[in-house]
Amino acid sequence: MTVDALTRTDAVSEEAATEAPVDSTPQAETAEAPAEAKTETPETPETSTDENAVESPKPKRGRPKVATTAKKTRTVELTLTVTGTADGEWQAELKNGAKWVAKGLEIPAAAVSRAAKELHADLSGPIDEVINAARELQAAKVAQLEAELEKAKLALAELDA
């Protein structure tokens, strides 16, 4: 409500007071500001005709509700990427928001398997399949190298004889 509206309200209420008999509740003020009349119920005619009550309403108790953009719980964005090869070599990279914390860290396959089991069963299944496939590949490689080693030992024994 502006100052002009207040002075017009006062002028209207003065005219109404001279034309109509004096009433305990002023009708001009309640018709002019119905929202204010609902929030403040006047107990006596003196408080309802007080100009200060119309100009500056009673402040509400407590803190004013201000829209904030702050979140109630702070979240930290950490991205851990674990990559593995068919040979069983595993690497980890850690990113904090947009900043790299660690890149290309070599980690053992057993640690990856344990971590996946700790996190969730749905994660450990596929990771264990990859680790088992790498284990079988390495076992085949070891068997092939042992066969080559036996051939080399036989060739060396023939040369010594």
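Residues numbered from 1 in each chain as written. Predicted model: local features only at pLDDT ≥ 70, side-chain atom pairs only at ≥ 80, totals over all residues. Heavy atoms only, no water.

This part covers the environment of E129. Within the secondary structure layout, E129 lies in helix α7 (residues 121-160). Taking the relative accessible area as the measure of exposure, E129 reaches 59% and is therefore exposed. A sequence separation of 16 residues divides E129 from S113, and the C-alpha atoms of the two residues are 10.0 Å apart. (Helix = DSSP H or I, 4+ residues; strand = E, 2+ residues; numbered from the N terminus. Buried < 20%, exposed > 50% of the residue type's maximum accessible area, 1.4 Å probe, protein only.)

Among the residues making up helix α6 (residues 109-119), those that are buried are V112, S113 and A116. On an axial view of α6, the arc spanned by its buried residues comes to 100°, and they lie on one face. Relative to its buried face, α6 has exposed residues pointing more than 90 degrees away, namely R114 and E118. Of the surrounding secondary structure, the elements contacted by the buried residues of α6 are β1 (78-84), β2 (90-96), β3 (99-107) and α7. (Arc of directions from axis to C-beta. Contact = heavy atoms within 4.5 Å.)

Looking now at the side chain of S124. Assignment of secondary structure puts S124 in helix α7. Since its relative accessible area comes to 11%, S124 is described here as buried. Apart from residues lying up to four places away in sequence, S124 is in contact with A116 and K117.

Here we come to α7. Think of an α-helix as 3.6 residues a turn; residues three or four steps apart then line up on the same face. The terminal C-alpha atoms of α7 lie 57 Å apart, and with 40 residues this matches the ideal 58 Å at 1.5 Å per residue to within 8%. When we look at burial in α7, the residues that qualify are S124, D128, I131 and A134. Tucked inside the fold, the buried residues of α7 contact β2 and α6. (Expected span 1.5 Å × (residues − 1).)

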